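One-letter residues, chain by chain:
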Amino acid sequence: MRSISFIIFATVYISFSNGFIPAIQRPALKAQLRAACQQKDQQKIFKLAEDLSKLNPTTDIMKDFSKLDGNWKLDFTTAPVGEVPDEETSGFKTFQTIDTSKGLIYNVIDQGLPEKGLKISIGAEATRKSRVAIDFRTVEAF
């Protein structure tokens, strides 16, 4: 009878370890990442992004590419200062719109669209389980 109890305990423990711990870690790391983005701490952002990638429930972006569809707030960019306006000081909104069915990402700087703004079109294709290839295509100024 002990061996059965041990097997049941071991199975529950493994399931608990593999699912529960990441479920707690991810929200905490995401909160730290949001704070690092607000502070514009690039080193910390890259470190936290790397840590989060290990806990990512999407293990194959080629299968789950459509999960990227929609509008995404741009909290951080590696673009040089001045290329993307700071929302707090400029009042302009910056975001991405992703359409995986067309394989396009739009980086948008909204200065009062549809009359004023900038829309940068980028081709996107999932090329490996953890990589998306991008190709800058067009820039539309309004």
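Just above, that's the structure.
Fair warning: this is a prediction, and the values are worked out from it, not measured in the lab.

(A) Layout of the layout of surface pockets. Quantified by volume, the largest pocket comes out at close to 2,300 Å³. Lining of the largest pocket is provided by 45 residues; of these, Ala-49, Leu-68, Trp-72, Phe-76 and Gln-96 occupy positions nearest its centre. The set of elements that each furnish at least two residues to the lining of the largest pocket consists of helix H1 (2–39), helix H2 (42–53), strand E1 (70–73), strand E2 (93–99), strand E3 (104–110), strand E4 (117–128) and strand E5 (131–141). The biggest single contributor to the lining of the largest pocket is H2, with 6 residues. For the lining of the largest pocket, a count of residues per class yields 25 nonpolar, 10 polar and 10 charged. For the second largest pocket, the calculated volume is near 630 Å³. What lines the second largest pocket is a set of 21 residues, among which Cys-37, Lys-40, Asp-75, Phe-76 and Asp-86 lie closest to the centre. Within the residue set of the lining of the second largest pocket, elements represented by two or more residues are H1 and helix H3 (87–90). Looking at which element gives the most residues to the lining of the second largest pocket, the answer is H1, with 3 residues.

(B) Structural view of the packing of aromatic side chains. Counting across every chain of the model gives 1 aromatic pair. Seen from their ring centres, Phe-46 and Phe-76 are 5.9 Å apart, and the 85° between their planes marks the pair as edge-to-face. Taken as a pair, Phe-46 in helix H2 and Phe-76 in the loop between E1 and H3 lie far apart in primary sequence, 30 residues in all. Positioned above the aromatic ring of Tyr-106 is the side chain of Lys-119, whose terminal nitrogen or guanidinium carbon lies 4.5 Å from the ring centre.

(C) The arrangement of the sheet that holds E3 in detail. The 5 strands lie next to each other as E1-E2-E3-E4-E5, forming an open sheet whose pairing is antiparallel. Pairing within the sheet leaves two strands with one partner each, and these edge strands are E1 and E5. If you compare each strand with its neighbour and ignore which way they point, the axes differ by 25° on average. In terms of strand pairing, E2 meets E3 through 7 bridges, oriented antiparallel. In the strand pairing of E3, Phe-95 is matched with Val-108.

(D) Focus on the pattern of salt bridges. On inspection of all chains with the given rule, the structure shows 4 salt bridges. One salt bridge connects Lys-73 with Asp-75, and the closest N-O pair in it is separated by 3.1 Å. The exposure class assigned to Lys-73 is exposed, which follows from its relative accessible area of 57%.

The rules behind the values
- Residues numbered from 1 in each chain as written.
- Predicted model: local features only at pLDDT ≥ 70, side-chain atom pairs only at ≥ 80, totals over all residues.
- Heavy atoms only, no water.
- 1 Å grid on protein atoms, 1.4 Å probe; cavity = no way out; pocket = protein on both sides within 12 Å on 5 of 7 lines; lining within 4 Å.
- Points joined across faces, edges and corners; volume = space filled by probe spheres on them.
- Helix = DSSP H or I, 4+ residues; strand = E, 2+ residues; numbered from the N terminus.
- Nonpolar A, V, L, I, M, F, W, Y, C, P; charged D, E, K, R; others polar.
- Phe/Tyr/Trp six-rings, centres within 6.5 Å; stacked < 30°, edge-to-face > 60°.
- Lys NZ or Arg CZ within 6 Å of the ring centre and 35° of its normal.
- Pairing = 2+ DSSP bridges.
- Axes fitted to C-alpha atoms, helices over the stretch in contact; angles between N-to-C directions.
- Salt bridge = Lys/Arg side-chain N within 4 Å of Asp/Glu carboxyl O.
- Buried < 20%, exposed > 50% of the residue type's maximum accessible area, 1.4 Å probe, protein only.

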